[in-house]
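# Topology and contacts: notes
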Amino acid sequence: MDKPMHDLRQYLADRRRLVDAALDRYSAGPDWPPRLAEAMRYSLLAGGKRLRPILVIAAAELFGLTANDVMPTACALEMIHTYSLIHDDLPCMDDDDLRRGRPTCHKVYGEAMAVLAGDALLTQAFAVMAEQAFVERVGPERALRAVAEVARAAGAAGMVGGQVEDLEWEGRRAGETQLRRIHSLKTGALFRAAVRAGGLLAGAADADLERLDRYAAQFGLAFQIWDDVLDVAGDAAKTGKGVGRDAKQQKSTYVSLYGLDEARRRAREAAAEACDALSVYGENGWVLRSLAEYVVDRES
Ligand code: GRG
């Protein structure tokens with residue numbers, strides 16, 4: 001029998017459309033100050049690859065749910081990711097002018113409003129995951145486990161902790177062990193939470209969650225190495241953010257440690273390991289596997 005044809009590009013376009021429509025609905029409230037809502041939506045609806053929500057969806061689909069079944073959690077991950085970008089771009093952090101191809105949130109709305117837009121996105125993420133209709137549909141136990149997973153990944157033991165370690169290493173050259181640790185917390189934790197939450201909501205067994213976790217850890221590593229490659233070899237018109245900033249800030253990156261070619265090779269190796277983790281699912285795992293291949297081939 002012929003191998004089925006899978007079209008990741010089409011899949012991404014379809015799921016992004018669903019995610020964008022849901023984000024539009026979730027980022028408005030009748031009693032929200034209009035300027036705050038505008039700043040939140042400015043950053044949230046500015047495009048972006050929507051990788052984290054798509055990982056939630058793809059993992060849930062692998063175990064029989066649909067995109068709409070897990071949309072609140074998928075959108076929550078994107079809101080938390082966007083809040084982290086808004087805060088990371090602030091002058092007190094990375095001080096960036098450009099994000100997702102447009103001026104950063106604080107450049108348009110001022111620093112105070114950018115801080116508050118990030119705060120409100122983070123809070124809204126948890127409000128959306130706690131919506132009664134969603135909790136009743138997936139069941140309170142699964143809903144709560146997914147919330148706990150996301151909270152842990154976003155907080156002091158995950159993304160925020162990683163950002164703190166990153167700040168503490170500023171001006172010093174971190175070695176490979178430290179670099180891996182910073183990135184596994186700062187960016188990897190949210191990817192793992194996305195994939196695991198998708199599996200949890202769909203009732204995946206512990207052995208499946210372990211496979212998803214191995215996949216997500218390697219996916220996050222591949223993503224991060226490739227992000228460092230793009231900072232050196234990418235095109236700002238495609239990445240939508242400044243390039244060459246890591247070298248300017250004298251940051252340790254996978255490229256500064258290994259050089260460009262070796263960094264590319266390691267990114268592809270990590271993507272291949274991510275794919276291996278899901279081999280037991282055969283054809284059913286094609287989306288997650290193709291996503292891992294995509295992150296080390298992307299231009300943005
Ligand atoms: C400020 C609490 C706090 C945390 C910040 C994740 C993070 C921690 C900062 C982001 C800094 C950064 C640019 C890291 C590189 C990896 C990364 C997260 C890139 C952006 O993610 P993409 O490529 O972006 O998924 P899009 O725009 O496509 O969503």
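The structure reproduced in this document is the subject of the present report. What you see is a predicted model; the values in this text were computed from it and never measured.

### Some words on the overall build of the protein
Scanning the protein from terminus to terminus reveals 16 helices and two strands. The C-alpha atoms of the protein give 18 Å as radius of gyration, which agrees with the globular expectation for 300 residues (19 Å, within 12%). Dimensions of the protein along its principal axes, counting C-alpha atoms only, are 50 × 50 × 35 Å. A total of 300 residues make up the protein; the buried ones form 53% of that total. For the protein, restricting intrachain contacts to residue pairs at least 6 apart in sequence, the fraction spanning at least 24 positions comes to 75%.

### Some remarks on the packing of helix α1 (residues 8–26) against helix α4 (residues 71–88)
Two measures define how a pair of helices packs: the angle their axes make with one another and the distance between the axes. Running from N to C, α1 and α4 point in directions that differ by 80 degrees, and their axes come no closer than 10 Å. For the element pair α1 / α4, the angle class is roughly perpendicular. Together, Leu18, Val19, Ala22, Leu23 and Tyr26 of α1 and Met71, Pro72, Cys75, Glu78 and Met79 of α4 make up the contact between the two elements. A per-class count over the contact of α1 with α4 returns nine nonpolar, no polar and one charged.

### Some thoughts on empty space enclosed by the protein
Summed over the entire model, instances satisfying the criterion amount to one cavity of 30 Å³ or more. Reported here for the largest cavity is a volume of approximately 100 Å³. For the largest cavity, the lining is made up of 13 residues, of which Ser43, Ile86, Asp89, Arg99 and Cys105 are closest to its centre. Where the lining of the largest cavity is concerned, the elements lending two or more residues are α2 (34–44), α4 and β2 (102–103). It is α4 that provides the largest number of residues to the lining of the largest cavity, a total of three residues.

### Brief notes about the site of the ligand
The ligand sits among 20 residues. The nearest are Lys49, Arg52, His81, Asp88 and Arg100. A distance of 2.6 Å separates an oxygen atom of the ligand from a polar atom in the side chain of Lys49. Within the complex, the protein chains bury 92% of what would otherwise be the 710 Å² of accessible surface of the ligand. In terms of residue count, α4 provides more of the shell around the ligand than any other element does, six residues in total. Its residues assigned to classes, the shell around the ligand comprises five nonpolar, seven polar and eight charged.

### Things to note about helix α8 (residues 140–154)
Given 3.6 residues per turn, any residue in an α-helix points the same way as the ones three and four places further on. When the terminal C-alpha atoms of α8 are compared, their 21 Å separation across 15 residues agrees well with the 21 Å that a helix rising 1.5 Å per residue should span. Of all the positions in α8, only Ala143, Ala146, Val147, Glu149, Val150, Ala153 and Ala154 are classed as buried. Seen from one end, α8 has its buried residues packed into an arc of 160 degrees, which puts them on one side. Facing away from the buried side of α8 by more than 90 degrees, the exposed set consists of Pro140, Glu141, Leu144 and Arg152. In this structure, the buried residues of α8 make contact with α4, α6 (111–129), α7 (132–138), α9 (159–168) and α10 (176–201).

### Details of the pattern of salt bridges
Enumeration over the complete set of coordinates arrives at 21 salt bridges. With a closest N to O distance of 3.7 Å, Asp97 and Lys107 form a salt bridge. Separated by ten residues along the polypeptide, Asp97 in the loop between α4 and β1 (98–99) and Lys107 in helix α5 (residues 105–109) bring together distant segments of the chain. Owing to a relative accessible area of 45%, Asp97 belongs among the partly exposed residues under this scheme. When the shortest N-O distance is used, the salt bridge between Glu165 and Arg181 registers 2.7 Å. Here the residue Glu165 occupies a position in helix α9, and Arg181 occupies one in helix α10, the gap between them amounting to 16 residues. Look at Glu165 and you get buried, because its relative accessible area is 15%.

### What to know about the packing of aromatic side chains
Tallied over the full model, the rule gives seven aromatic pairs. Look at Tyr42 and Tyr109: their rings are 5.5 Å apart centre to centre, the planes differ by 70 degrees, and that puts the pair in the edge-to-face class. Within this pair, whereas Tyr42 is found in helix α2, its partner Tyr109 is found in helix α5, the two being separated by 67 residues in sequence. As far as the burial class goes, Tyr42 and Tyr109 line up, both buried. Between Phe63 and Tyr281, the ring centres sit 5.7 Å apart and the planes meet at 90 degrees, which makes this aromatic pair edge-to-face. In this pair, Phe63 is assigned in the loop between α3 (51–62) and α4 and Tyr281 in the loop between α15 (260–277) and α16 (286–295), connecting sequence segments 218 residues apart. Phe63 sits in the partly exposed class, given a relative accessible area of 22%. Each member of the aromatic cluster is reached from another via a ring pair, and the members are Phe191, Tyr215, Phe219 and Phe223. Sitting over the face of the ring of Trp169, Arg172 holds its NZ or CZ atom 4.2 Å from the ring centroid.

The rules behind each value
- Residues numbered from 1 in each chain as written.
- Predicted model: local features only at pLDDT ≥ 70, side-chain atom pairs only at ≥ 80, totals over all residues.
- Heavy atoms only, no water.
- Helix = DSSP H or I, 4+ residues; strand = E, 2+ residues; numbered from the N terminus.
- Rg over C-alpha atoms; globule rule 2.2 N^0.38 Å.
- Buried < 20%, exposed > 50% of the residue type's maximum accessible area, 1.4 Å probe, protein only.
- Contact = heavy atoms within 4.5 Å.
- Axes fitted to C-alpha atoms, helices over the stretch in contact; angles between N-to-C directions.
- Parallel < 35°, antiparallel > 145°, perpendicular 65-115°, else oblique.
- Nonpolar A, V, L, I, M, F, W, Y, C, P; charged D, E, K, R; others polar.
- 1 Å grid on protein atoms, 1.4 Å probe; cavity = no way out; pocket = protein on both sides within 12 Å on 5 of 7 lines; lining within 4 Å.
- Points joined across faces, edges and corners; volume = space filled by probe spheres on them.
- Near = heavy atom within 4 Å.
- Polar contact = N/O pair within 3.5 Å; in protein donor to acceptor, adjacent residues only side chain to side chain.
- Areas by Shrake-Rupley, 256 points an atom, 1.4 Å probe, with all protein chains shown as cover.
- Expected span 1.5 Å × (residues − 1).
- Arc of directions from axis to C-beta.
- Salt bridge = Lys/Arg side-chain N within 4 Å of Asp/Glu carboxyl O.
- Phe/Tyr/Trp six-rings, centres within 6.5 Å; stacked < 30°, edge-to-face > 60°.
- Lys NZ or Arg CZ within 6 Å of the ring centre and 35° of its normal.

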